[in-house]
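Structural overview for review
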Amino acid sequence: MMKKVFISPAKYIQGAGVLATIGEEVGKMGNKAFIMADKIVWGIAGELVEKSFKDAGVDYHYEEFTGEASKGEIERIANIGKDLNVDVVVGLGGGKTLDTAKAVNDALGTKIVVAPTTASTDAPTSSLSVIYSDEGVFEGYKFYNKNPDLVLVDSQIIVGAPAFLFASGMGDAMATLVEAKASQKRNATTMAGGKATLAGTAIAEKAEEILFEQGIAAYKAVEQHLVTPQVEAIIEANTLLSGLGFENGGVAAAHAVHNGFTALTGDIHHLTHGQKVAYGVLVQLVLESRSEEEILKYANFFKAIGLPTTLADIHLENASFEDLVKVGELATSEGETLQNFDPEVTATDVAYAIQAVDALTSK
Ligand SMILES: NC(=O)c1ccc[n+]([C@@H]2O[C@H](COP(=O)([O-])OP(=O)(O)OC[C@H]3O[C@@H](n4cnc5c(N)ncnc54)[C@H](O)[C@@H]3O)[C@@H](O)[C@H]2O)c1
Ligand SMILES: [Zn+2]
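Residues numbered from 1 in each chain as written. Chains lettered and ligands numbered in written order. Predicted model: local features only at pLDDT ≥ 70, side-chain atom pairs only at ≥ 80, totals over all residues. Heavy atoms only, no water.

In the nomenclature of an unreviewed UniProt entry, the protein chain corresponds to Glycerol dehydrogenase from the organism Aerococcus agrisoli. What UniProt records for the protein chain under Catalytic activity (unreviewed entry) is the sentence "glycerol + NAD(+) = dihydroxyacetone + NADH + H(+)". (UniProt positions renumbered as here; feature names shortened; annotations may be inferred.)

So, in structure tokens, the structure goes:
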């Protein structure tokens, strides 16, 4: 049966200072919150969040997230939650914390509030988690039957995070239309579980338009920790537009290449999701046989906001060809979204494309 599917969170709130309302918002959904955040994020936002819950008279328990969205960490936190009789899970932090919170929510059957403290990925709005081994190697996607009940994005907190995280979110968001177009060319099924809607595609298009139009100005403002209209536009592009766009539009080669990179050890591990995805976008453009002019349009944008465009930038300048083939093997493996792009692309094709990007950009 040919069916189109569109999914989204129930509510999205964005603005400077909105995190102060989290207690009140959670109070509309339940009586006891189960908050997870890592040490860094809790140090930044914990006091504000605790005050908000106390002011709203809503009970909560805080649990520290230790850093990897892995089966073990999800089970550990979910088990703690089971004994606490919580009814709302709150994820506060970067993509890995949010993915863990979504998985914990699924295990507990509660409601979920997602509060990103950086605009580094499009994880906040989606109804899936990306799961890794404890060592950080990509394992797979975990799908849920609903998106978050609320996504709460405090722009003031976002601009306090390092600018490279904000740029990383633009790398992730730039993949959205590029991958949606490729996936739709083959009429592939989207992450939402059906064919793409016009709405999903229109949102992906808007994400790219806003990035090219406002991205560099927003990046420069965030370097100075300023909340400006451009910054608000890019926070929305990185979070809401990219999130709805990728889930409802389709995913293809760029993210498969990102996942492939996790097969390698070494300094590439220190790159963010969005930085690796940015390089993956360029790799996909090469695999699509796009013109030099088109590829450089994306590459120059990435360069302007400090995203990687060369093998040296991703610490692979000394990688062997065999290593790049390993990346290609994981990227082209069964169940990977490269299948949406073209199932005939081989691991060697991917390795060549990774090198070809460098040849184009490192002049
Ligand atoms: N589920 C989805 O739909 C989806 C989509 C995109 C990405 N992802 C996943 O998201 C993960 C990447 O997320 P990420 O790039 O945010 O990395 P991350 O979750 O590891 O967070 C990066 C770092 O940012 C820090 N941080 C967060 N807010 C901060 C702030 N305000 N100030 C200072 N530091 C702050 C965190 O402490 C952490 O050390 C990957 O696992 C990726 O697969 C999931
Ligand atoms: Zn992504």
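Picking up where we left off.
Perfect tetrahedral coordination of a metal by four donors corresponds to 109.5 degrees between them, and perfect octahedral coordination by six donors corresponds to 90 or 180 degrees. On the protein side, the zinc ion (ligand 2) has D172 (OD), H255 (NE2) and H273 (NE2) as donor atoms, found 2.0 to 2.1 Å from it. Overall, H273 belongs to the partly exposed group, its relative accessible area being 22%. (Donors = N, O, S within 2.8 Å, 3.2 Å for Na, K, Ca; no water. Buried < 20%, exposed > 50% of the residue type's maximum accessible area, 1.4 Å probe, protein only.)

As summarised here, the arrangement of the six strands in space is β1-β8-β5-β4-β2-β3, forming an open sheet in which the pairing is parallel. Both outer strands of the open sheet, β1 (12-15) and β3 (59-64), are each paired with one neighbouring strand and no more. Across the sheet, the mean angle separating the axes of adjacent strands is 15° when strand polarity is ignored. (Pairing = 2+ DSSP bridges. Helix = DSSP H or I, 4+ residues; strand = E, 2+ residues; numbered from the N terminus. Axes fitted to C-alpha atoms, helices over the stretch in contact; angles between N-to-C directions.)

Bringing the site of ligand 1 into the picture now. The local shell around ligand 1 holds 27 residues, among which D38, T117, S120, S126 and Y132 are the closest. Interatomic distance of 2.8 Å between a backbone N/O atom of K96 and an oxygen atom of ligand 1. A distance of 2.9 Å separates a nitrogen atom of ligand 1 from a polar backbone atom of L128. When isolated, ligand 1 has an accessible area of 870 Å², and the protein chains bury 87% of it. Applying the majority rule of atoms within 2 Å of the grid points places ligand 1 in the largest pocket. Of all the elements in the fold, those that place two or more residues in the shell around ligand 1 are α2 (39-56), α4 (95-108), β6 (128-132) and α6 (163-185). For the shell around ligand 1, the residue count by class is twelve nonpolar, nine polar and six charged. The residue makeup of the shell around ligand 1 includes at least three contributed by each of domain 1 (11-160) and domain 2 (164-362). (Near = heavy atom within 4 Å. Polar contact = N/O pair within 3.5 Å; in protein donor to acceptor, adjacent residues only side chain to side chain. Areas by Shrake-Rupley, 256 points an atom, 1.4 Å probe, with all protein chains shown as cover. 1 Å grid on protein atoms, 1.4 Å probe; cavity = no way out; pocket = protein on both sides within 12 Å on 5 of 7 lines; lining within 4 Å. Sits in = over half its atoms within 2 Å of the grid points. Nonpolar A, V, L, I, M, F, W, Y, C, P; charged D, E, K, R; others polar. Domains from an automatic or database assignment.)

Time to look at the pairing of β3. The side chains of a regular strand alternate between the sheet's two faces. Relative to β3, strand β2 (residues 32-37) is paired through six bridges, and the arrangement is parallel. Paired with M36 across the two strands is E63, which belongs to β3. At this point the chain moves from β2, through α2, to the parallel β3, and the crossover so formed is right-handed. (Right-handed = clockwise from strand over helix to strand, strands pointing away.)

Membership of the largest hydrophobic core comes to 87 residues, with the highest contact counts inside it found for V104, F166, F261, V281 and I354. If one sorts the elements of this core by residue count, α6 sits on top with nine residues. When near neighbours in sequence (up to four residues on either side) are disregarded, V281 contacts G171, M174, A175, V178, A254, Y298 and F302. Within the second largest apolar cluster, 23 residues are counted, among which are V41, W42, V58 and V90. (Core = buried A, V, L, I, M, F, W, Y, C linked by side-chain atoms within 4.5 Å. Contact = heavy atoms within 4.5 Å.)

So, on to the side chain of Q214. Mapped onto the elements, Q214 comes out in helix α7 (residues 198-223). Given a relative accessible area of 19%, Q214 falls into the buried group. Apart from residues no more than four positions distant in its own chain, Q214 is found in contact with Q230, A233 and I234.

What follows deals with the environment of I203. In this fold, I203 is placed in helix α7. Judged by its relative accessible area of 17%, I203 is buried. It is 8.9 Å that separates the C-alpha atoms of I203 and L240, two residues lying 37 residues apart in sequence. Beyond its immediate chain neighbours, meaning those up to four positions away, I203 contacts F6, L241, L244 and G245.

This paragraph deals with the layout of surface pockets. Space inside the largest pocket adds up to approximately 1200 Å³. Lining the largest pocket are 45 residues, with G94, G95, K96, S120 and T121 sitting closest to its centre. Looking at the lining of the largest pocket, the elements that each hand over two or more residues are α2, α4, β6, α6, α9 (253-261) and α10 (273-287). Among the residues forming the lining of the largest pocket, the class breakdown is 18 nonpolar, 20 polar and seven charged. Two domains each put at least three residues into the lining of the largest pocket: domain 1 (11-160) and domain 2 (164-362). Within this model, the second largest pocket holds a volume of roughly 210 Å³. For the second largest pocket, the lining is made up of 16 residues, of which Y141, M191, G335, E336 and T337 are closest to its centre. (Points joined across faces, edges and corners; volume = space filled by probe spheres on them.)

A separate point is the confidence of the model for the protein chain. On average, residues of the protein chain carry a pLDDT of 97, and 100% of them reach 70 or more. Across the interface, the model reports ipTM at 0.99; the global pTM reads 0.98. (pLDDT = per-residue confidence, 0-100.)

Here we come to unusual backbone geometry. Phi angles above zero are rare outside glycine, and H225 is one such case at about 60°. Within the fold, H225 resides in the loop between α7 and α8 (229-249). The class of H225 is partly exposed, set by a relative accessible area of 44%. One non-glycine residue, S289, adopts positive backbone phi at about 60°. In this structure S289 comes out as exposed when scored by relative accessible area, which is 63%.

Assigned domains within the protein chain: domain 1 (11-160) and domain 2 (164-362). Placing a centre on the C-alpha atoms of domain 1 and another on those of domain 2 gives a separation of 25 Å. Facing 28 residues of domain 1, the contacting portion of domain 2 comprises 30 residues. Taken together, the two surfaces of domain 1 and domain 2 that pack against each other cover about 2400 Å², and 61% of this comes from carbon and sulfur. For the pair domain 1 and domain 2, the number of links is zero salt bridges. Summed over the shared surface of domain 1 and domain 2, the number is eleven residue pairs in polar contact (both at pLDDT 80 or more). Taken together, the elements giving at least two residues each to the side of domain 1 that touches domain 2 come down to β1, β6, β7 (138-143) and α5 (155-158). Per-class residue counts for the side of domain 1 that touches domain 2 are 13 nonpolar, 13 polar and two charged. (Buried area = accessible area lost by both parts, 1.4 Å probe. Salt bridge = Lys/Arg side-chain N within 4 Å of Asp/Glu carboxyl O.)

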